[in-house]
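Understanding the architecture of this molecule
Below, each chain spelled out in residue letters.
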Amino acid sequence: MEKTLDLKFNYTDKKDTRSGFGDGLLEAGRKNPNVVGLCADLIGSLKMGAFQKEFPERFFQTGIAEANMIGIAAGLCISGKIPFTGTFANFSTGRVYDQIRQSVAYSDKNVKICASHAGLTLGEDGATHQILEDLGMMKMLPHMTVINPCDYNQTKAATMAIAEHEGPVYLRFGRPVWPIFTPADQKFEIGKAWKMIDGKDVTIFATGHLVWEAVIAEAMLREEGISAEVINIHTIKPLDEEAILESVAKTGCAVSAEEHQYNGGLGDSIAQTLIRNNPAPLEYVGVDDSFGESGTPTQLLEKYGLNAANIVKAAKKALARK
Amino acid sequence: MEKKSTEQLQEVASQVRRDILRMVHQVQSGHPGASLGCTEFFTALYFDQMKHDKNFNMKGKNEDLFFLSNGHISPVWYSVLARSGYFPIAEMSTFRKLNSRLQGHPATEENLPGIRIASGSLGQGLSVAIGAAQAKKIDGDDRLVYVMMGDGEQEEGQIWEAAMYAAHWKVDNLIATIDLNRQQIDGPTKEIMDLIDLRAKYESFGWEVIDTLQGNNMESVLIGLEKAKNLTGQGKPILNLLHTEMGYGVDFMVGTHKWHGIAPNDQQLADALAQLPETLGDY
Ligand SMILES: Cc1ncc(C[n+]2csc(CCOP(=O)(O)OP(=O)(O)O)c2C)c(N)n1
Ligand SMILES: [Mg+2]
C-alpha cells in the first residue's frame, strides 16, 4: 500500500532508532571527554558496545541494578561529567522514578536518561516491557526535558544535541527497524517542532515511530482531497506551543499520534495548549487506557489503532467536529 | 498423581526441552538458555515435589505455590504447566503471538491457569512470594511457597530488601531457588557484576542455605528439594543454590550467555531436537 502512495518523504534504508542512539553516543564521546556511559546489563540491546570499546575508562557496567545506576549517574555529575544511562524504557522510568525525581530532576543534575524498547513496537516480550506511560511520568517532573525522536537519523542527532544541553533529559527510542526518512545532516534543535508537510485542513502532531505513520496518513488523506499538515514533535517538553498554535490557527483542528497512553502523553500536552489558548477539536491516536501484549510490532500497532489508517480516521473525525 | 520414577521424570524433562525449543523457534523470540538449564528443577517441582491442583485456583489454599521471578524463562514454566494439565498442550503453539494467553513474560491479564502474578521486570518475585507465604501463615495453611530467581537478578536491590525481611519475619515456609548458571545477558556474572559468594551473603542475612551442586541431574535436584523441605518450619527462610548450565541438553547451547535470549534457526532446531527424545509427543 505504501508503495502506490505519493509520499512527501521517502526512505531507502531502515534501521532501529536505538542504533541512532548508539552511534550518536559514540560521536558525543569523541567530541566531549566528559561524556560517560552507564548500562544495566543491556549493552547489546542499547547499542552501547562501540562506546564501551572506545572509551572503557568512561563506561560503567552496573549489572541489573537500575536504581543504583541513576544514583551513580547523579553523583558523576557533581564534578562535571555528563552521564548517559542506558536500559529499557520501563526500567529507565517507572522502575527508578523516585531516584530520578530526587537525585536527578529536583537536584537538577545533568543526567541523560536514554531509554530503548519503548512502546508497543518492542513486540513479543509483551506488556511487562512495553511501557506506555513513560512520557507522562517524565514530563511531569520539573526541570526534565523529554525527547522522542522518529527515526535513526533524528535519534542520532538528538543524542549528540543532548550532550551539549545542560540539564536532565529523558531520551526515548525503540527496538524495531524503521524507515529512515529524515536527513542525515539535520540539526537537532531541542524544543523546536519541525513542520515536515504543509497543509490547511487538519494538523497531525506526531512523535516517535508514529511520525512515519503520519507521513503515510498525509498521502492517504491527500488522495481523498484533504490537506493535512504534519508536524514532528520530537520534543514533548519543553513543548513548542508557538508552532502548535500557529498551525491550528490555520487548520482549525488536529490529531495527536504517539506510541503511548492517551493519559499523560503528547495528546494531553497539546490539549492543554489548545484549551488555554485556542480551543479546537483534537483527536488522539494512542493507547486508550490498556496494557499491551505480545505480538509483532505491525500487528500490535494495528490492533491498538496506532497506524496510518487510524490517523486518517482520526483526522476525518477532527474535521467533522470543526 | 501417581509417583513417577527418576527415569520417568527424565523422560518428561526431555519433552519439556523439546517444547521450549519448538516454542521459541516458532516465533523466533524468547529465552531458551536458562529455560533449558532449569528443566530438571521445574519437572521435579511440578511432577514430584509440589502438591498442586491443575484445576487452577488463584488462592491456592492448601496447595504449594510457585512464583517465577525471572519471568523471561516462561517457556519452561509454560511447558510444565501444559504437560501437567493446566491448559491444553496445543496452546503452546500460540506462545508470544498476538491474542495468546502465553505472553512473552508470565501474566495474569489473560488468565493463563497456573500464573498468580506477572513477572518479567526482574527483582520483584521474592517479595511477592514472601507475602504469599505470610498469608499462608495467617491462614494456618501449612503448605509451602516456592520461588525461583536468576543469579544475575540478584543484582537488584529489592532482592536484598526482601531477603532481610524474610529472615526478620521468620518466613520459614518459603523455599527460594537461585538458578546459578553464572551467566546473564551481557556475559558471565563474574565479569558483569561479581556476586562473589551468594551463600555467605544469604547466610549473613539470616537464611538457611543449601547447594544443589548438580542442578541438571534429576536425582540431585530431587535430593536438594527434599533437603530444603526438611529445613522448613525452623524459623529461617530457605535458599536452594541450584548450580545449572545455561542451555543444558543441547550441546551447542550449553554453558554460554549467547543463548540467553535468541531463538534457534531451522537447522539449529533440527540439530537440537535430534539430541532430545520425543517422549510424550510434541504439541
Ligand atoms: C528490572 C529489569 N532490568 C533488566 C531486565 C532485562 N533483562 C532480562 S533477563 C536479564 C538477565 C538476567 O540474568 P539472570 O537472572 O542471570 O538470568 P539468565 O540470563 O541466567 O536467564 C536482563 C538484564 C529486566 N527484565 N528487568
Ligand atoms: Mg543467570
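Residues numbered from 1 in each chain as written. Chains lettered and ligands numbered in written order. Predicted model: local features only at pLDDT ≥ 70, side-chain atom pairs only at ≥ 80, totals over all residues. Heavy atoms only, no water.

As recorded in an unreviewed UniProt entry, chain B goes by Transketolase and comes from Algoriphagus pacificus. For the record of chain B, the UniProt heading Cofactor (unreviewed entry) holds the text "thiamine diphosphate". Looking at the Sequence similarities (unreviewed entry) heading of the UniProt record, one finds this comment for chain B: "Belongs to the transketolase family." (UniProt positions renumbered as here; feature names shortened; annotations may be inferred.)

The name given to chain A in an unreviewed UniProt entry is Transketolase family protein, and the organism recorded there is Algoriphagus pacificus.

Side note on the overall build of chain A
The number of helices and strands found in chain A is 13 helices and 14 strands. Taking 322 residues into account, the globule formula puts the C-alpha radius of gyration at 20 Å, and chain A, at 19 Å, falls close to it. Taking all 322 residues of chain A together, the buried fraction comes to 64%. Long-range contacts, defined as pairs at least 24 residues apart, comprise 80% of the intrachain contacts of chain A with a sequence gap of at least 6. (Helix = DSSP H or I, 4+ residues; strand = E, 2+ residues; numbered from the N terminus. Rg over C-alpha atoms; globule rule 2.2 N^0.38 Å. Buried < 20%, exposed > 50% of the residue type's maximum accessible area, 1.4 Å probe, protein only. Contact = heavy atoms within 4.5 Å.)

Topic: the packing of helix 9 (residues 210-223) of chain A against helix 13 (residues 308-320) of chain A
Residue and element names in this part refer to chain A. Close contact between helix 9 and helix 13 brings their axes to 8 Å; oriented N to C, the two are set at 60 degrees. Here helix 13 runs oblique to helix 9, going by the angle between their axes. Crossing handedness for the pair helix 9 and helix 13: right-handed. Of the residues in helix 13, those touching helix 9 at Leu210, Glu213, Ala214, Ile216, Ala217, Met220 and Leu221 are Ala308, Ala309, Ile311, Val312 and Ala315. (Axes fitted to C-alpha atoms, helices over the stretch in contact; angles between N-to-C directions. Parallel < 35°, antiparallel > 145°, perpendicular 65-115°, else oblique. Left-handed = near helix turned anticlockwise from the far one by under 90°.)

Overview of the coordination of the magnesium ion (ligand 2)
All names here are of chain B. Here the magnesium ion (ligand 2) is held by Asp151 (OD), Asn181 (OD1) and Gln183 (O), and the distances to it run 2.0 to 2.1 Å. Counting gaps between the donor residues of the magnesium ion (ligand 2) yields the pattern D-x29-N-x1-Q. Both residues of the pair, Asn181 and Gln183, count as buried. (Donors = N, O, S within 2.8 Å, 3.2 Å for Na, K, Ca; no water.)

Remarks on the site of ligand 1
Taken together, 22 residues lie near ligand 1, and Glu66(A), His72(B), Asp151(B), Asn181(B) and His260(B) sit nearest. Lying at an intersection of chains, ligand 1 is approached by residues of chains A and B. In this structure, Gly120(B) approaches ligand 1 through a main-chain N or O atom, which is 2.8 Å from a nitrogen atom. Here ligand 1 has 580 Å² of accessible area as a free molecule, and 98% of this is covered by the chains. Across the shell around ligand 1, the residue classes tally to six nonpolar, ten polar and six charged. (Near = heavy atom within 4 Å. Polar contact = N/O pair within 3.5 Å; in protein donor to acceptor, adjacent residues only side chain to side chain. Areas by Shrake-Rupley, 256 points an atom, 1.4 Å probe, with all protein chains shown as cover. Nonpolar A, V, L, I, M, F, W, Y, C, P; charged D, E, K, R; others polar.)

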